[in-house]
Amino acid sequence: MAFNDLLKRLGGVGRFQQIQVTLVVLPLLMTASHNMLQNFVAAIPTHHCRPPAHANLSQDGWPEAWLPRDGQGQPESCLRFTTPQQGPPFPNGTEANSTAATEPCTDGWIYDNSSFPSTIVTEWDLVCSYRALRQLAQSLYMAGVLLGAMVFGYLADRLGRRKVLILTCLQIAVAGTCAAVAPNFYIFCAFRFLSGMSVAGITLNSVTLNMEWMPIHTRAYMSTVTGYVYSLGQIVLAGLAYAVPHWRHLQLLVSVPFFAFFIYCCFIIESARWYFSSGRLDLTLKVLKRVAWINGKRDEGAKLSLEVLQASLQKEQTTGKGRASAMELLRCPALRRLFLCLSVLWFATSFAYYGVALDLQGFGVSIYLIQIIFGAVDLPAKLVGFLITNFVGRRPAQMASLLLAGICILINGVVPKAQTTVRTSLAVLGKGCLAASFNSILLYTGELYPTVIRQTGLGMGSTMARVGSIISPLVSMTAEIHPSMPFFIFGIVAMAASVVTLLLPETLGRPLPDTVQDMENRGGKLQEEQQKQMVPLQSSAQRRIN
């Protein structure tokens, strides 16, 4: 298409693209840290009831006299004896616990601070009957991401990618810093909610801004680079959390860099494709000339004028006068089918991803180590996903990643808990496939939606992903009914979503549609190609019959 040809004439992947892409993806390094921050700021250390204030610990014998034992012979976390128990200890606790009366931890808890000196759990006692509040903090954060995807996706299509990126960088810098000094749990949750909104805006606009400045043949590379930055952010988080274990200091450390991102984002260049789709041809010409100058293509830039631009982009200008609204996603049949299919893919990917990634303490190994492994496995997984995406197609990559992830999660549900190595390996493989699925769905969604509604479409896709991430912790609670139930639910949903991919068209090597008409024309051409391929097969079959 003409716009892609213009980018190539002005340097393709030149100095401007290299600088802009680097600056725009850097915030994603720290948004990954915010997404996974719950694993460390809300870690649950070993704990047990605090003895009564009147207890004589030296005489009674602490902790054996006051703490009942569970089935594994460990002190109960949420119960204590009403009176100190005398006599020989019972390692498994069965005899003592069957005869002695117990009560909740009315005097608070004692925590093992050797691994986690300070978390929101230890500071605000989010254990036992208050344990659900810990999940509430993460659910509210994800609810913020959900709202941010809708709000900032809409605003970006109206105000521009650059303005929204600047706003969201400032918002997360302020909200994240305030969360680090929050005086109580509820204020902490409020600022985490605002941080979640910002993360959605930063992610969507970073991806879209870079995609719209890159030539067609580099879009898969761009998507892979974005995914690698996010994976690297998870590894960086493990190092930061290990070096700075106090939750307030860690929260501050991952938020302050956004002040720097806010400052330099004021100097990035807005998408020329967005300017054009908004009907602002003069600004389109201005930024294209500036890009030509930065890329060392001054002669090509000098040739550009409003008349040349109008002639070059005549097709887009005649078909793209209107701007689609969010309601078009449901009103237009072609967009409605696309929206429903992509919603299923976004939901399933996020639903299963956070079901695995936010349960690090359930594997029985160091959460710092497994966080590094979870981040590192994304690198080869996304490389394989990139190769399939770039050389086989977007649709096969999306389908394979979800299908394999679902299989790994399902198998994990039947592996005994004692086999920690096998369970951890399956979780790592499944998480890697889901990371590749995220990488693919970001690129795939951006290529399927037309420019006039691309950001809104990405925002709605991210909205469905956040719905999945909010529901995921609730599904994890079904482990109380049966330990394997969450694995079966996560696995089945991922495998079912992989089938939905068959309903979507392939976009490998195809130009970005600028209007709904472009998208419908692309679908019509695809059907014509399929019909042409069927003609020889039908003719051959007819000859065999004759």
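Caption draft 1: Inspection of the overall build of the protein at higher detail. Broken down by element type, the protein carries 25 helices and 4 strands. The contacts in the protein between residues at least 6 apart in sequence include a share of 80% that link residues at least 24 apart. When the accessible surface of the protein is totalled, it reaches about 23100 Å², and 64% of it is carbon and sulfur.

Caption draft 2: Here's a closer look at the state of the cysteines. The final tally for this structure, using the stated rule, is 2 disulfides. Across the disulfide, C49 is cross-linked to C105 (sulfur-sulfur distance 1.7 Å). Here C49 and C105 share a disulfide; its torsion about the S-S bond, -60°, makes the bridge left-handed. Here the residue C49 occupies a position in strand 1 (residues 47-49), and C105 occupies one in the loop between strand 3 (102-104) and strand 4 (109-111), the gap between them amounting to 56 residues.

Caption draft 3: Quick look at the packing of helix 2 (residues 15-35) against helix 12 (residues 257-265). Where helix 2 contacts helix 12, the axes come no closer than 10 Å and their chain directions differ by 155°. Here helix 2 is positioned roughly antiparallel relative to helix 12, judged by the angle of their axes. Taken as a pair, helix 2 and helix 12 cross one another with a handedness that is left-handed. Here L23, L26, P27, M30, T31 and H34 of helix 2 come into contact with helix 12, specifically with P257, F258, F261 and Y264. Looking at the contact of helix 2 with helix 12, its residues break down into 8 nonpolar, 2 polar and no charged.

Caption draft 4: Quick look at the packing of aromatic side chains. Evaluation of the coordinates by the stated rule reveals 17 aromatic pairs. A centroid spacing of 5.5 Å and a plane angle of 75° characterise the contact between F185 and Y186, whose relative ring orientation is edge-to-face. Ring centres of W274 and Y275 lie 5.5 Å apart, and the angle between their planes is 50°; on these two criteria the pair is classed as tilted. Exposure remark for Y275: the relative accessible area of 14% places this residue in the buried category. Feature note: the residues W124, F185, Y186, F188 and W247 constitute an aromatic cluster, connected by ring pairs. In this structure, R192 packs its charged tip against the face of Y141, placed 4.1 Å from the ring centre.

Caption draft 5: Inspection of the pattern of salt bridges at higher detail. Enumeration over the complete set of coordinates arrives at 6 salt bridges. Between E212 and R161 there is a salt bridge; the shortest N-O distance is 2.8 Å. Taken together, the positions of E212 in helix 9 (residues 185-213) and R161 in helix 8 (residues 161-180) put the pair 51 residues apart, joining distant regions of the chain. Here E212 matches R161 in class, with each residue buried. Residue E447 is joined to R394 by a salt bridge in which the shortest nitrogen-to-oxygen separation is 2.8 Å. Placement of E447 in helix 22 (residues 420-448) and of R394 in helix 21 (residues 394-412) is noted, with a sequence separation of 53 residues between them. Overall, E447 belongs to the buried group, its relative accessible area being 0%. Salt bridges here are not isolated pairs; linked through shared partners, they connect D157, R161, E212 and R454.

Caption draft 6: Broad picture of the nonpolar core. In terms of nonpolar packing, the biggest core is built from 132 residues, with I120, F188, W213, L342 and Y353 touching the most fellow members. With 14 residues, helix 19 (residues 333-357) is the largest single contributor of residues to this core. Not counting chain neighbours up to four residues away, the residues in contact with Y353 comprise M36, Y230, Q234, D378, K431, L434, A435 and F438.

Caption draft 7: Molecular detail of the confidence of the model for the protein. With 86% of its residues at a pLDDT of 70 or more, the protein shows a mean pLDDT of 81. Between residues 89-98, whose pLDDT stays under 50, and residues either more than four places distant or in other chains, the model counts 13 contacts.

Caption draft 8: Main features of a nonpolar patch on the surface. On the surface, L403, L404, I407, I411, V414, L429, F488 and I492 cluster together to form a nonpolar patch covering roughly 650 Å² of accessible area. Taken together, the elements giving at least two residues each to the nonpolar patch come down to helix 21 and helix 24 (485-500). A per-element tally of the nonpolar patch places helix 21 first, with 4 residues. Considering the arrangement of structural elements, one finds L404 in helix 21. For L404, a relative accessible area of 38% translates into the label partly exposed.

Rules of the game
- Residues numbered from 1 in each chain as written.
- Predicted model: local features only at pLDDT ≥ 70, side-chain atom pairs only at ≥ 80, totals over all residues.
- Heavy atoms only, no water.
- Helix = DSSP H or I, 4+ residues; strand = E, 2+ residues; numbered from the N terminus.
- Contact = heavy atoms within 4.5 Å.
- Areas by Shrake-Rupley, 256 points an atom, 1.4 Å probe, with all protein chains shown as cover.
- Disulfide = S-S within 2.5 Å.
- Axes fitted to C-alpha atoms, helices over the stretch in contact; angles between N-to-C directions.
- Parallel < 35°, antiparallel > 145°, perpendicular 65-115°, else oblique.
- Left-handed = near helix turned anticlockwise from the far one by under 90°.
- Nonpolar A, V, L, I, M, F, W, Y, C, P; charged D, E, K, R; others polar.
- Phe/Tyr/Trp six-rings, centres within 6.5 Å; stacked < 30°, edge-to-face > 60°.
- Buried < 20%, exposed > 50% of the residue type's maximum accessible area, 1.4 Å probe, protein only.
- Lys NZ or Arg CZ within 6 Å of the ring centre and 35° of its normal.
- Salt bridge = Lys/Arg side-chain N within 4 Å of Asp/Glu carboxyl O.
- Core = buried A, V, L, I, M, F, W, Y, C linked by side-chain atoms within 4.5 Å.
- pLDDT = per-residue confidence, 0-100.
- Patch = residues over 30% accessible without salt bridge, like charges linked within 9 Å, V, L, I, M, F, W, Y side chains within 5 Å.

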